[in-house]
Amino acid sequence: MLHPPRHFVYLDAVARAGSIRKAAEKLHVASTALNRKILEIESDVGTPLFERLPRGVRLTSAGEVLIAAVRRSMADMRSAESQIEQLRGLVRGTVRIGCAESVAVDLIPDTIAQYQQTHPGVQFQLVAGVTGVLVAALLADDVELILVHDPVPSDALRVIAAIPQPLCAMLRPDHPLADRDTLRLADCQEYPVALGDRSFGSRRLLDALMARSHMTLQVALEASTVQTLKEFTLRTGAISFQFQIGTQNEVRRGALVAVPLTDRTLTNSQLVLVSRAGRTLPIATLSFMEALVNRLAALPG
């Protein structure tokens, strides 16, 4: 296995932990030794890399520049190791992927399970979250791929695949609106609803539409997880809202009904597979990326 230079590991660990003591615990080294090593690196560079605070450390501007280069170098080394394994006829390694919660309990685990049947040497690290947080993780090389809803276009992002994802109202089968083929948001006004908090992309779409239309909803619950919203709908009958991809598990089971919303601004969303522009991805990640693109292409349109 290829190992990055030790001082790269030290810098990265301290930057992530925000504390020399916590980084030392994770690295299983003495904090005094780690602090001494950081001071040596700063002496070699000729400028402080960390600002010493009462409760830890924070990267200086010079530290931000250096740590970005360090992480790119470490990512390239992982990629080189993966390519060497490929030359030996193996696909091994760890795929680090971030995804929206809408695909974290169904599509992504299922795709990983199918992929590992033919690639048992590949492991996965999966983190679920909101789009903004996952884009930041991608740009920091904490993950190699993200599958998210409507990331803000940027030259720093490479779009690999994108599929339309209309927003749907999720209803219990006994709800008065459950037999409708489509709905407008105004149709939901007279019923209790459950909304994701303002970190949700769907919430921002709904808030914008309500502000433009001078519309109000009877909000019975705001929650920070999709699963909480679904459970609340199941237990109370309140309407919740979810991108189409996140409704499939409950619809298959007959637990909930998903009715597309036809308001123009709610039909233009996309589920987007993204990598960092300019990054060379490890072979294992490229291999899984191909499987995921094929899975996305096979989804109902």
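Provided above is the structure to which this section pertains.
Residues numbered from 1 in each chain as written. Predicted model: local features only at pLDDT ≥ 70, side-chain atom pairs only at ≥ 80, totals over all residues. Heavy atoms only, no water.

(A) Broad picture of the overall build of the protein. For the protein, the helix and strand inventory stands at 11 helices and 12 strands. Of all 301 residues assigned to the protein, the portion counted as buried reaches 44%. For the protein, long-range pairs separated by at least 24 residues make up 74% of all intrachain contacts whose partners lie at least 6 apart in sequence. Accessible surface for the protein amounts to roughly 15,200 Å². Of this, 53% is attributable to carbon and sulfur atoms. With 32 positive and 30 negative side-chain charges, the protein shows a spacing of 5 Å between the two charge centroids. (Helix = DSSP H or I, 4+ residues; strand = E, 2+ residues; numbered from the N terminus. Buried < 20%, exposed > 50% of the residue type's maximum accessible area, 1.4 Å probe, protein only. Contact = heavy atoms within 4.5 Å. Areas by Shrake-Rupley, 256 points an atom, 1.4 Å probe, with all protein chains shown as cover. Lys, Arg positive; Asp, Glu negative; His and termini not counted. Charge placed at Lys NZ, Arg CZ, Asp CG, Glu CD.)

(B) Geometry of the pattern of salt bridges. One pass over the full model with this rule turns up 23 salt bridges. Arg-58 is the salt-bridge partner of Glu-51, the closest N and O atoms lying 2.9 Å from each other. In this structure Glu-51 comes out as partly exposed when scored by relative accessible area, which is 35%. Beyond isolated ion pairs, a larger network of salt bridges with shared partners links Arg-96, Asp-141, Glu-144, Arg-276 and Arg-279. (Salt bridge = Lys/Arg side-chain N within 4 Å of Asp/Glu carboxyl O.)

(C) How the structure looks around the sheet that holds strand S12 (residues 270-276). Judged by pairing direction, the sheet is mixed, and its five strands sit side by side in the order S4-S3-S5-S12-S6 without closing on themselves. Because the sheet does not close on itself, it has two edges, and the strands there are strand S4 (122-128) and strand S6 (157-164). Mean inter-strand twist for the sheet, computed between neighbouring axes without regard to direction, equals 20°. The sheet contact formed by strand S3 (residues 93-99) and strand S5 (residues 145-149) spans three bridges and is parallel. (Pairing = 2+ DSSP bridges. Axes fitted to C-alpha atoms, helices over the stretch in contact; angles between N-to-C directions.)

(D) Region of interest: the nonpolar core. Within the largest apolar cluster, 25 residues are counted, with the highest numbers of intra-cluster contacts made by Leu-107, Ile-108, Leu-147 and Leu-296. Per-element tally for this core: the top contributor is helix H11 (residues 283-297), with five residues. Excluding anything up to four places from it in sequence, Ile-108 contacts Ile-97, Cys-99, Val-103, Leu-126, Leu-147 and Leu-292. In this structure, Leu-177, Met-215, Phe-241 and Phe-243 belong to the second largest nonpolar core, which totals 21 residues. (Core = buried A, V, L, I, M, F, W, Y, C linked by side-chain atoms within 4.5 Å.)

(E) Spatial organisation of the packing of helix H1 (residues 6-17) against helix H2 (residues 20-27). Running from amino to carboxyl end, H1 crosses H2 at an angle of 125°, the nearest separation of the two axes being 8 Å. The angle between H1 and H2 falls in the class oblique. Like other packed secondary-structure pairs, H1 and H2 cross with a definite hand, here right-handed. Between H1 and H2, the contacting residues are Arg-6, Val-9, Tyr-10, Ala-13, Val-14 and Ala-17 on the first element and Ile-20, Lys-22, Ala-23 and Leu-27 on the second. Taken together, the residues of the contact of H1 with H2 break down into eight nonpolar, no polar and two charged. (Parallel < 35°, antiparallel > 145°, perpendicular 65-115°, else oblique. Left-handed = near helix turned anticlockwise from the far one by under 90°. Nonpolar A, V, L, I, M, F, W, Y, C, P; charged D, E, K, R; others polar.)

(F) Quick peek at helix H3 (residues 31-45). Taking 1.5 Å per residue as the helical rise, H3 with its 15 residues ought to reach 21 Å, and the 21 Å between its terminal C-alpha atoms agrees with that figure. Among the residues of H3, those classed as buried are Leu-34, Ile-38, Ile-41 and Glu-42. Taken around the axis of H3, the buried residues stretch over an arc of 100°, which confines them to a single face. Among the exposed residues of H3, those pointing more than 90 degrees away from its buried face are Thr-32, Ser-43 and Asp-44. Downstream of H3 by a residue or two, Gly-46 has a phi angle that is positive, lying close to 95°. (Expected span 1.5 Å × (residues − 1). Arc of directions from axis to C-beta.)

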